[in-house]
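As a plain string of letters, each chain reads:
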Amino acid sequence: MSPTRLLSLPKTARGTGTGLRTVQLVREAAEFDALAADWDGLVDRCSSATPFQSHAWLSSWWHSYGRPGRLRLLTVRQDGVLVAAAPLMRGRGPFPRLVPVGSGLSDFLDILLDDGLAEQIAPLLARALARELRLTRPWAVLDLRELRPTGAAQRLAAHWPGAVRRLPDSLCLHLPGVPMDEVLARLPGRTAQRSRAKLRKLDAAGVEVREVPAEGVPQALGELLALHELQWRGRGVTPEHLRPRFAGHLSRAVGRMVAADRAVVRQYRLDGELIGCDLTLLGPTLAALYLYGAHPEARERLDLAGILFRENLAHAVATGRTELSLLRGDEPYKQRWRPEEVRSERLLLGGGPAVAVLAAAVRFRADAVRGLRERMPWLVTARCRLRELRASSD
C-alpha cells in the first residue's frame, strides 16, 4: 500500500455545487512534513484550534515520539484546499485503537475543520474515519482525549455510525485575556493589595524582560529546561521534561512556531543574570502558558509568577487573544489568580463492545488512583520521586 492513498467517496458525500472533495490517508512522516503550509492555513481557519494543533508542534512530536508504520492521518480537500484533518496514530492496547498524534505532551488534542465548511465536512469526515480506518469493527475504537468543550472533534459524535461514550478528562484553568489590573480586580481585597505590592517591588528591582528571536530559541530553551529542573528538583518534576527527546522536540517545534508568531519565549534578567524564562504557545484565540523555569533563589525574593502572568496577559491583549490558558493542573501558583475551571473531555467512538469495555476500564482506573491518593499519599510521592530519578539518569 502506498504511503498516501486517495480514498473513494460515497455518492452522498460528493455533494452538488460544493466543489470536488477528496479524502487522503497519510501514513509516512515525510508526507506529513510536506503538508506544513496547507496545514497551518487550515489552523488559521479553524477558530477552535489551539497551538497544539499547529503543524510545527505535531510534526516535531511525531519525529520524537512517533513509531514507523503507526501514522494514520486523514485529510479532506475541497477543490485542492485542505478543509479538514484528523492527525491520528495507532495506539497500544489489546484491541485496535486510534489516538491523536501529540498525546501526552499536548494539553489539548483535536481535529481540524474549516470554520466555513464545518457543518458539511464533519459528517463526511466521521464516515471516512469509520469506513477507511475500519473503526466500525466490534473491537476497534477511536480514543480522543483532552478535547475542549468547543473542540472541532465534538462534531464527530453527532454523525458517528456506531457507539459513542463521553468521559471527563483533565481539569484545565484559564484567565480572560485582559490587562493585569482587571485580573487583580477579580481577587479579594487583601490578595489584590499584596499582588500589587509584589509587582511594584519587581518594577523597583529592575527586572528586565526580553522576547527571544527565532534564531536564539534553541539556546534559550536549553536555559529554560535547566531552570525548570532546578525549580522543581525534589518536588515531582514531570519526568519527560528531563529527557533529551523532549528537548529535541521543543527545539524543532518552537523555533518554527516563534518564526511564525505561534509561540513566544521570554527571558527575565536581574542585573544581567537570567532568573526566569517561559514558553507560551499561541493559537488563533488563546495564549497557552506551557512551560516556565525560575531560579529558586530569585523566587524567594521576588514574585516571578506575577511578572510572568502580567507579561502574558499584556501580550494576549495586544494581539487580540481572548484567553490565557494555564493548561492542565491546579497548582497553587495558578489558583492564586482565581482562574476559571474547565474540564476537558475524553470521547470514545467505535463499532461496539470495545467502547463500553474501554470506558469501564477508564472509570475503574480513575477510581483506583483517587483511592490510592487518599489512603497512601506517601506512596504517590515516592513514585513521583522514583520516576524523576529514572528520567534524570536517561
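Residues numbered from 1 in each chain as written. Predicted model: local features only at pLDDT ≥ 70, side-chain atom pairs only at ≥ 80, totals over all residues. Heavy atoms only, no water.

Participant: Would you mind going over the overall build of the protein with me for this structure?
Facilitator: When helices and strands are tallied, the protein shows 15 helices and 14 strands. Relative to its full complement of 394 residues, the protein shows a buried share of 52%. Within the protein, contacts between residues separated by at least 24 positions form 74% of all contacts whose residues are at least 6 apart in sequence. Approximately 17,900 Å² of the protein is accessible, and the part contributed by carbon and sulfur atoms is 52%. (Helix = DSSP H or I, 4+ residues; strand = E, 2+ residues; numbered from the N terminus. Buried < 20%, exposed > 50% of the residue type's maximum accessible area, 1.4 Å probe, protein only. Contact = heavy atoms within 4.5 Å. Areas by Shrake-Rupley, 256 points an atom, 1.4 Å probe, with all protein chains shown as cover.)

Participant: What's the story with a negative patch on the surface in this structure? I'm lost.
Facilitator: Taken together, the side chains of Glu208, Asp271, Glu273, Glu297 and Glu300 make up a negatively charged region of the molecular surface. Note on placement: glutamate 300 falls in helix α11 (residues 296-301). (Patch = residues over 30% accessible without salt bridge, like charges linked within 9 Å, V, L, I, M, F, W, Y side chains within 5 Å. Salt bridge = Lys/Arg side-chain N within 4 Å of Asp/Glu carboxyl O. Lys, Arg positive; Asp, Glu negative; His and termini not counted. Charge placed at Lys NZ, Arg CZ, Asp CG, Glu CD.)

Participant: Please explain helix α3 (residues 36-44) as it appears in this structure.
Facilitator: An α-helix turns once every 3.6 residues. As a result, residues three or four positions apart point the same way. Buried within α3 we find Ala36, Trp39, Asp40, Leu42 and Val43. For α3, the angular spread of the buried residues around the axis is 155°, confining them to a single face. Where the residues of α3 are buried, they touch α2 (29-33), α4 (55-65), β3 (71-78), β4 (81-90), β6 (112-113) and α10 (244-259). (Arc of directions from axis to C-beta.)

Participant: What should I look at first to understand the nonpolar core in this one?
Facilitator: Counting residues in each nonpolar core, the largest one holds 51 residues, and the members touching the most others are Trp39, Trp57, Leu250, Val254, Val265, Leu279 and Tyr290. With sequence-adjacent residues up to four places away left out, valine 254 is seen in contact with Val217, Leu221, Ala263, Val265 and Leu279. Counting 34 residues, the second largest nonpolar core, distinct from the first, contains Ala86, Ile111, Leu125 and Ala130. (Core = buried A, V, L, I, M, F, W, Y, C linked by side-chain atoms within 4.5 Å.)

Participant: What is the right way to look at the environment of arginine 262 in this model?
Facilitator: Checked against the element boundaries, arginine 262 lands in the loop between α10 and β10 (263-270). Its relative accessible area of 12% is what places arginine 262 among the buried residues. For the pair arginine 262 and threonine 280, spaced 18 residues apart in the sequence, the C-alpha separation amounts to 8.8 Å. If we skip the residues at most four places from it in the chain, arginine 262 touches Asp40, Val43, Asp44, Ser54, Met257, Leu281 and Leu282.

Participant: Sorry if this is basic, but what is going on with the environment of glycine 320 here?
Facilitator: By the element assignment, glycine 320 lies in the loop between α12 (304-319) and β13 (323-328). Here glycine 320 falls in the exposed class, since its relative accessible area comes to 55%.

Participant: Just to check I follow, could you spell out helix α8 (residues 189-205) for this structure?
Facilitator: Compared with the 24 Å implied by 1.5 Å per residue over 17 residues, the 25 Å span of α8 between its first and last C-alpha is a close match. Here α8 has its buried residues at Thr191, Ala192, Ser195, Leu199 and Leu202. Viewed along the axis of α8, the buried residues span an arc of 95°, placing them on a single side of the element. The exposed residues of α8 that point more than 90 degrees off its buried face are Arg190, Gln193, Arg200 and Ala204. At its buried positions, α8 is contacted by α7 (180-185) and α12. Glycine 206 sits one or two positions beyond α8 and adopts a positive phi of about 85°. (Expected span 1.5 Å × (residues − 1).)

Participant: Could you clarify how one ought to interpret unusual backbone geometry in this entry?
Facilitator: Apart from glycine, the bulk of residues carry a negative phi angle, and the bulk of peptide bonds sit in the trans form. Look at aspartate 79: it is not a glycine, yet its phi comes out positive at around 50°. As for its placement among the helices and strands, aspartate 79 is situated in the loop between β3 and β4. Residue aspartate 79 is classed as exposed on the basis of its relative accessible area, which comes to 54%. Non-glycine residue leucine 327 carries a positive phi angle of around 65°. With respect to the element layout, leucine 327 can be found in strand β13. Leucine 327 gets classed as buried once you look at its relative accessible area, which sits at 2%.

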